[in-house]
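# A look at the structure
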Amino acid sequence: MIREFNFDGLVGPTHNYAGLSHGNLASSKNQGQIASPKLAALEGLAKMRFVAGLGIGQAVLPPLPRPHLRLLRELGFFGSPTQMIESAYRADPSLVAIAYSASSMWTANAATVSPSPDTGDGRVHFTPANLNTLLHRSIEARQTTEVLQQIFADENHFQVHSPLPFGSAMSDEGAANHTRLASEHGAAGIEIFTYGRSTLDASQSVPGKFPARQTRESCQAIARRHQLGASRTVFVQQNPQAIDAGVFHNDVISVGSADLLLAHEMAFVDQHKMIAEIRDAWAQLSETPLHCFEISNAELPLADAVSSYLFNSQLLKTDSGSFVMVCPAECQTVAPAARVLERLVDDEAIPISRVQCLDLRQSMRNGGGPACLRLRVVLSDLQRESAKPSVFWNDKLDQQLTAWVHSHYREELKPEDLRDPQLIDESFRAQEALCRILQLDLESILDT
Ligand code: SUG
């Protein structure tokens, strides 16, 4: 059997609101707020528990160790970790926030993943994202590569590539800009790559208010590395108007899984043409229908799509063949979004049988909804058995992780708390304890 596993990022103990992501409206708006790392981590665990309870594959990825001391050293700070944090804080507190960022929780940005039914060599391919656009995210790339290599070590089944070369031309944000459609998870699929700009084609690179984080060239490179057939890949440009309205990743404006695709009408450039291209690619692969629905701007204005994060939902295909849609709780308070959800469930033509809103406010305040918090990996039984068993969800892991959060996480973290020397040890001790639970080798992940 071939199933989808949702690898959720555990929220790290230094979760905070530093306003580091220009173009991500929630991150800018909440800069300086008091964060609760404990609540954030517990909200994340509650989501995993819910998804696992539906019978969907669930697993975890660890937070990356923070502070990232190598970064501070590379920026010219020296001495003990305490000395480096203190001198960096005096030079510029935002450098400390960058070194401490818990942004690895958004594992939709960890990598792009192509499952074996799609790849030329029948292995699962991973390209860790270089996250080149923002410094606090770019420091994830090497550590994520190491984590994925430890979990998916068996080269008979998996290939974990290196991230694409750093530099603006190859900017890559991972699965947040990648959608896989297939009649069922185990069937051959089409992979839709979304990009904001092209470095070679100036007409696709009109500068906007906010950065376009993904390039067409990086998408093409990943498709080549993953050995995807040309007739089964579609490259789609994000609508620049949407990026300027706060759609910094495509998963803020469209979502797809298996044979269902939902997109806001302002998601893509030449949207009608692109949807026709997706339908054509689908028709060559499958005789079953592709359920593709566009939500109009009249029904859900772009600003409400961004504030509710409706498209950042998880579409989970259950054994019955219908979908459960896991949405952020904000969809209940943004009236047009609440009405869209009602319609999606009521409409017989749309295979969504249930909507579940979950409270993920701690992550949402940094622009990370349910879909941002997970990386989808489709695995056969044999592949599942070949991956590291200790990262897969079960009741025991749930209890261990819950206890771990309660004993290592602060209730509150203010921006100035990042200067507190005790946080360094606290954070690394939490990481050591977690690596023992997940049986990961911390030394190799540290990237010192
Ligand atoms: O890259 N926020 C993340 C949110 C990522 C959401 N992921 C997806 N859409 N898949 C980002 O903008 C904010 C950190 C801060 O401001 O402290 C941040 O990095």
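Everything below is about the structure shown above.
Here is what the cut-offs are and how they apply
- Residues numbered from 1 in each chain as written.
- Predicted model: local features only at pLDDT ≥ 70, side-chain atom pairs only at ≥ 80, totals over all residues.
- Heavy atoms only, no water.
- Core = buried A, V, L, I, M, F, W, Y, C linked by side-chain atoms within 4.5 Å.
- Buried < 20%, exposed > 50% of the residue type's maximum accessible area, 1.4 Å probe, protein only.
- Phe/Tyr/Trp six-rings, centres within 6.5 Å; stacked < 30°, edge-to-face > 60°.
- Helix = DSSP H or I, 4+ residues; strand = E, 2+ residues; numbered from the N terminus.
- Lys NZ or Arg CZ within 6 Å of the ring centre and 35° of its normal.
- Near = heavy atom within 4 Å.
- Polar contact = N/O pair within 3.5 Å; in protein donor to acceptor, adjacent residues only side chain to side chain.
- Areas by Shrake-Rupley, 256 points an atom, 1.4 Å probe, with all protein chains shown as cover.
- Nonpolar A, V, L, I, M, F, W, Y, C, P; charged D, E, K, R; others polar.
- Axes fitted to C-alpha atoms, helices over the stretch in contact; angles between N-to-C directions.
- Parallel < 35°, antiparallel > 145°, perpendicular 65-115°, else oblique.
- Contact = heavy atoms within 4.5 Å.
- Salt bridge = Lys/Arg side-chain N within 4 Å of Asp/Glu carboxyl O.
- Pairing = 2+ DSSP bridges.

Time to look at the nonpolar core. Formed by 100 residues in total, the largest nonpolar core has its most connected members in Phe7, Phe152, Leu401 and Trp404. Core analysis: the next-biggest nonpolar cluster, separate from the first, contains 22 residues, Val255, Ile295, Leu344 and Ile350 among them.

What follows deals with the packing of aromatic side chains. Any two aromatic rings considered together are summarised by their centre-to-centre distance and by the angle between their planes. Scanning the entire structure with this criterion turns up eight aromatic pairs. Residues Phe7 and Phe392 carry aromatic rings whose centres are separated by 5.7 Å and whose planes lie at 75 degrees to one another, so their mutual orientation is edge-to-face. On the criterion of sequence distance, the pair formed by Phe7 in strand 1 (residues 2–9) and Phe392 in the loop between helix 15 (381–386) and helix 16 (395–408) is long-range, its members being 385 residues apart. The pair formed by Phe7 and Phe392 is uniform in burial state, with each residue classed as buried. An angle of 65 degrees between the planes, with centres 6.4 Å apart, marks the rings of Phe126 and Phe158 as edge-to-face. Placement of the pair is Phe126 in strand 4 (residues 124–128) and Phe158 in strand 5 (residues 158–160), with a sequence separation of 32 residues. Residue Phe126 is classed as buried on the basis of its relative accessible area of 0%. Aromatic ring contacts, followed pair by pair, group Phe5, Phe7, Phe126, Phe152, Phe158 and Phe392 into a single cluster. Residue placement shows Arg384 over the ring face of Phe392; its charged tip is 3.8 Å from the ring centre.

Right, let's talk about the site of the ligand for a bit. Taken together, 21 residues lie near the ligand, and Leu20, Ser27, His136, Asp251 and Cys372 sit nearest. Here an oxygen atom of the ligand sits 2.8 Å away from a polar atom, N or O, in the side chain of Ser21. Measuring from an oxygen atom of the ligand, one finds a side-chain N or O atom of Asn24 at 2.9 Å. Relative to its unbound accessible surface of 480 Å², the ligand loses 99% to contact with the protein. In terms of residue class, the shell around the ligand is made up of seven nonpolar, 11 polar and three charged.

Put simply, helix 2 (residues 37–53) and helix 16 touch, their axes get as near as 10 Å, and they point 170 degrees apart. The angle between the axes of helix 2 and helix 16 places the two elements in the roughly antiparallel class. Along the contact surface, helix 2 presents Lys38, Ala41, Leu42, Leu45 and Arg49, while helix 16 presents Asp398, Leu401, Thr402, Val405 and His406. Here the contact of helix 2 with helix 16 is composed, by residue class, of five nonpolar, two polar and three charged.

What follows is about the pattern of salt bridges. On inspection of all chains with the given rule, the structure shows 18 salt bridges. Across the salt bridge formed by Arg343 and Asp347, the nearest N and O atoms sit 3.9 Å from each other. Note on Arg343: relative accessible area 32%, which makes it partly exposed. The salt bridge involving Arg410 is made with Glu426; its shortest N-O contact spans 2.8 Å. With Arg410 in the loop between helix 16 and helix 17 (421–438) and Glu426 in helix 17, this residue pair connects regions lying 16 residues apart in the sequence. Pair check on accessibility: Arg410 and Glu426 agree, each one buried.

What follows deals with helix 8 (residues 216–225). In an α-helix, one turn spans 3.6 residues; hence positions three or four apart end up facing the same way. All of the buried residues in helix 8 are Glu217, Ser218, Cys219, Ala221, Ile222 and Ala223. At the exit of helix 8 stands Gln227, carrying a positive phi of roughly 55 degrees.

Turning to unusual backbone geometry, a few remarks are in order. Across the junction of Arg66 and Pro67, the peptide omega takes the value 10 degrees, indicating a cis bond. In this fold, Pro67 is placed in the loop between strand 2 (57–61) and helix 3 (69–74). Even without a glycine there, the phi angle at Gln227 is positive, about 55 degrees. Considering the arrangement of structural elements, one finds Gln227 in the loop between helix 8 and strand 8 (233–237).

Our next topic: the sheet that holds strand 8. The sheet built from three strands is open, its strands ordered 6-7-8 with mixed pairing. The strands lining the two open edges of the sheet, one partner per strand, are strand 6 (178–181) and strand 8. Between one strand and the next, the sheet's axes are offset by a mean angle of 20 degrees, whatever the strand orientation. The pairing of strand 7 (residues 190–195) with strand 8 spans five bridges and is classified as parallel. Within strand 8, the position partnered with Phe193 by the bridge is Phe235.

With respect to topology, three strands assemble into an open sheet ordered 2-1-15, the strand pairing being mixed. At either end of the open sheet lies a strand with only one pairing partner, and these are strand 2 and strand 15 (374–380). With direction set aside, neighbouring strand axes in the sheet form an average angle of 30 degrees. In the sheet, strand 1 pairs with strand 2 via five bridges, with the strands oriented parallel. Residue Asp8 lies in a different strand from strand 2, and its bridge partner there is Val60.

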